[in-house]
Amino acid sequence: MGKILKEFKEFAMKGNVVDMAVGVIIGGAFGKIISSLVADVLMPLISLLVGGVNFTDWKWTIVAANEELGRAAVELCYGNFLQVVFDFLIVAWCIFLVIKAINKISSLRKKEEEAPAAEPEAPVVPEDIQLLREIRDSLKK
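Residues numbered from 1 in each chain as written. Predicted model: local features only at pLDDT ≥ 70, side-chain atom pairs only at ≥ 80, totals over all residues. Heavy atoms only, no water.

Peer 1: How should I be thinking about the pattern of salt bridges in this particular structure?
Peer 2: Pairs can form between side chains of opposite charge whenever their charged atoms are close. Tallying each qualifying case throughout the model produces two salt bridges. Taking the shortest distance from any N to any O, the salt bridge between Lys59 and Glu75 comes out at 3.7 Å. Of this pair, Lys59 sits in the loop between α2 (15-49) and β1 (60-63) while Glu75 sits in strand β2 (residues 74-76), and the two are 16 residues apart along the sequence. The exposure class assigned to Lys59 is partly exposed, which follows from its relative accessible area of 45%. (Salt bridge = Lys/Arg side-chain N within 4 Å of Asp/Glu carboxyl O. Helix = DSSP H or I, 4+ residues; strand = E, 2+ residues; numbered from the N terminus. Buried < 20%, exposed > 50% of the residue type's maximum accessible area, 1.4 Å probe, protein only.)

Peer 1: For this particular structure, what's the right way to read a nonpolar patch on the surface?
Peer 2: On the surface, Trp60, Ile62, Val74, Leu76, Tyr78 and Phe81 cluster together into a nonpolar patch covering about 620 Å² of accessible area. Counting residues per element, the ones that place at least two in the nonpolar patch are β1, β2 and α3 (78-114). Along the chain, Ile62 falls in strand β1. (Patch = residues over 30% accessible without salt bridge, like charges linked within 9 Å, V, L, I, M, F, W, Y side chains within 5 Å. Areas by Shrake-Rupley, 256 points an atom, 1.4 Å probe, with all protein chains shown as cover.)

What follows is the structure, given as C-alpha cells:
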C-alpha cells in the first residue's frame, strides 16, 4: 500500500499533471465567462433579431400535465438544448482563436531562434588610425 501511495505522489507531482490541473481550472472559469457571454449578451441580441423569442422557453409538450392524476407534464425542452449548443460553438470558436494565436506566436519565436544571428560588422576604423597602422607596417618591413 505504501508503494502505491509513493507512486501516486510521484505521478501527481510531475509537471504535466500540475499544468493539466491548472488548465482544467482556468478552462472551467473560461467556460463560465463564455456561457455568461452567450446567455446574457449574445442570446438577448439574437432573440431581439428574431422577434423577441427566448430560446430556453422553446419546448414541445409530449404529454400535458394532469392534476387529477397528479402527473406532471412531459416536455422536450429543445430550446435549452439549442442554448447549450450555442454555448459550445462559441466556446469552441474562442478556444480555436486562442490556440491559433498561441501557435502563431510560437512559430514566430521558432523563426527567430532558427534565423542565424547577424554577424557583427567590423568596426569602422578612423582614417588617421588606418594611416598610422600603414606607417607602422611599412616601418616593420
